[in-house]
Amino acid sequence: MASSSKVVLSGMKFLMGLVFVGWLMIWVVMPTNTYRNGWSPKLRSETASTYFGTQGTNILIYTFPILFIAVLSCFYLHLAKKSSSFAQSGVLSSHLQAWKRPLLLRGPQGIISAIEFTFSLMFLTLLLWSFSTYLVTSFDRITPESAKQDGQQIWMAKLDSAALRLGLIGNLCCAFLFFPVTRMSSLLPLVGLTSEASIKYHVWLGHVVMLLFSAHGLCYIILWAATSELSNMLEWDAIGISIVAGELALISGLFMWVTTFPRIRRKFFELFFYTHQLYIIFLFFFLLHVGIAFFCLILPGVYLFLLDRYLRFLQSRRSVRLISARLLPSDTVELNFSKSSGTSFPPLSTVFIKVPSVSTLQWHPFTISSSSNLEPEKLSIIIKKEGSWTQKLSQILASPLDRLDVSVEGPYGPSSSTFLRYDSLVLVSGGSGITPFIAIIRELIFRSTTLGSKTPSILLVCSFKTTADLMMLDLLLPITGNVSDLSRLQLKVEAFITREKAPSSNSKNIIRTIWFKPIPSDMPVSHVLGPNSWLWLGAVITTSFIAFLVLTGICTRYYIYPIDHNTNEIFSYSKRAMLNLIFIIVSIAATASAAVLWNKKMSSMELKQIQSMDAPTPAVSPSSWFFNADRELESVPHESIVQATNVHFGERPDLKRILLECKEPNTGVMASGPRGLRHHVASVCSSGLADNLHFESISFSW
């Protein structure tokens, strides 16, 4: 049975790879004369129809293959989720492990592995090939006679051609721009990525896109200035391309681009966050500028992103059930939510939360610290008070309250638990960076205590500023956990207190637990499309795209074709684009809403069961639960955990020595925390001094 499952998965993966290579080859040959004069006219003559017009060709060539891969990958991931071998080894084969070693460490791009560098180089080669081929084929057609017919000199005609080709290359980058930020993507897990881990690819692509589009617009401005035609900047062609729409798209893109640079983003994060919502204006006017036919080139990424965004919107409308909060004296809070038992996620998963009483608009990502196996009905996150948002949240929790409204998006996570394939693990953290390692340790507790399976040995190297921060180690166990569970693990903790020479005399060993009251409208945290979310996502992609094609076909056949007759010379590009945009939105909204409502109906019985087994009810009235000091305050067995911990005061860890002393033949190394710490760990693993160290990058904040 397992072998047949592997054969099916391998076959599906091969088919998806074949389709992707074919789709990519079209981009490679598109700038050539062979495609322009041979393939393209033949394809357009055979695919143009009264139902889709000439845009049917671009839908078939550029949009359909990627959506087909997305649907097929949903079924692939659903089957792979049930395969234990895939769950532990991950999608990437072990022989590719050497390619995952850090190659570049110092630079604005952060930590880059060999495989990332190789694919980046290949993509840049594709851009250079496409642009150079475009220029060669277009410049061959420019002669003094042809330029004179257009009222231009040769250099003007060449500048006009180069400007157009810069826009086409920018379109190629846009085709990949939205895949990394699609959180419920079925494409990224195929290569072992999550949307959080691939944010940097979105950043790289965004820089290239804006450079190309800025050069595209600047070249045209120079051309119009040289020919005294600057009035073209105010034209909105009733039939063809709208220049004004392109300018509005470029301006909105420039606003987004300026705020992404590190100095601005870090100092004025809210400015960055809000200006980045201009992507809606950018996409809208970009569509009106190029028309739906050229927009089909980037439609797959945009389509999947819009679907993902709408599903997230539906999930965020729910108010989730917050069970309790553990407040540590180190300005750290653990929030515990009710979770549906069918919602599972691997360690290193994340959720986005919004607390309306803190901010009605801001969403913040947090790593899940709980294990869905060890705690099947709870989900936990850890929040360290570091910014204005977390500070205000801490102030609210410090005041008397019996409930807190919270909205959640997620969970989102990797498709596999790759850390299970190692014989030993070295987990290096700084400050609140210990959070993802808490999830890993809890998962290994489950595997050692419940499943009785062999788990890798663990060396946890953690750095804290003060003794009070040391109490974050108490969160290695869930709120209902038993300290003896840790004894089943081969766990060694090396804790470093960097700002104190000795234990602080005024440090408290009290953790304050607040229990919240439920209300009927609160929902447990669950996948927006239910337990079989991958299957449902594939169904929604399929049905919504079919609905889009049906609506487009009806509109083209009975409204556009009688006016235009596929000449593209009568019916407005902008109007056609607007109609297609409406069809996309309606198709996605209708099918996604139906799927979510169906899953909500099916899970209503489970919701009633969860609400009946909420937090313990005190003997006194529920309104006085918060003031019940006997139940509210508890002394966590801190000493039992510290006995397994070697605490170093007034020093920082010698990471190079610690890592090189690890002699296990297959050691996985993970680092979470400040950028300098992660880069230092990566440099040791990639130095070649120890072949047994395999660095696993888990952070998306460079």
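Residues numbered from 1 in each chain as written. Predicted model: local features only at pLDDT ≥ 70, side-chain atom pairs only at ≥ 80, totals over all residues. Heavy atoms only, no water.

Looking at an unreviewed UniProt entry, one finds the protein named Ferric-chelate reductase (NADH) protein and attributed to Dioscorea alata.

Moving on, we get to the nonpolar core. Grouped burial of nonpolar side chains is what soluble globular proteins tend to show. In this structure, W27, Y62, Y76, F295, L307, L311 and I541 are the most contacted members of the largest nonpolar core, which totals 100 residues. Ranked by residue count, the leading element in this core is helix α3 (residues 55-81), at 13 residues. Ranked by size, the runner-up nonpolar core spans 32 residues in total, among them L427, L444, L460 and M472. (Core = buried A, V, L, I, M, F, W, Y, C linked by side-chain atoms within 4.5 Å. Buried < 20%, exposed > 50% of the residue type's maximum accessible area, 1.4 Å probe, protein only. Helix = DSSP H or I, 4+ residues; strand = E, 2+ residues; numbered from the N terminus.)

So, on to the pattern of salt bridges. Considering all chains together, one arrives at 16 salt bridges under this definition. Residue D469 pairs with K384 through a salt bridge whose shortest N-O separation is 2.9 Å. Placement of D469 in the loop between β10 (457-464) and β11 (491-497) and of K384 in strand β7 (residues 378-384) is noted, with a sequence separation of 85 residues between them. Judged by its relative accessible area of 9%, D469 is buried. Look at the salt bridges and you will find they share partners, linking R183, D308, R312 and E409 into a network. (Salt bridge = Lys/Arg side-chain N within 4 Å of Asp/Glu carboxyl O.)

Per the counting criterion, the structure on display carries 0 disulfides. For C662, which is in no disulfide, the shortest distance to another cysteine sulfur is to C685 and amounts to 9.2 Å. (Disulfide = S-S within 2.5 Å.)

This part is about the side chain of H216. Examined against the element boundaries, H216 turns out to sit in helix α8 (residues 199-226). Assessed through its relative accessible area of 16%, H216 is described here as buried. Those residues in contact with H216 that lie beyond four places of it in its chain are A163, L164, L166, G167 and H289. (Contact = heavy atoms within 4.5 Å.)

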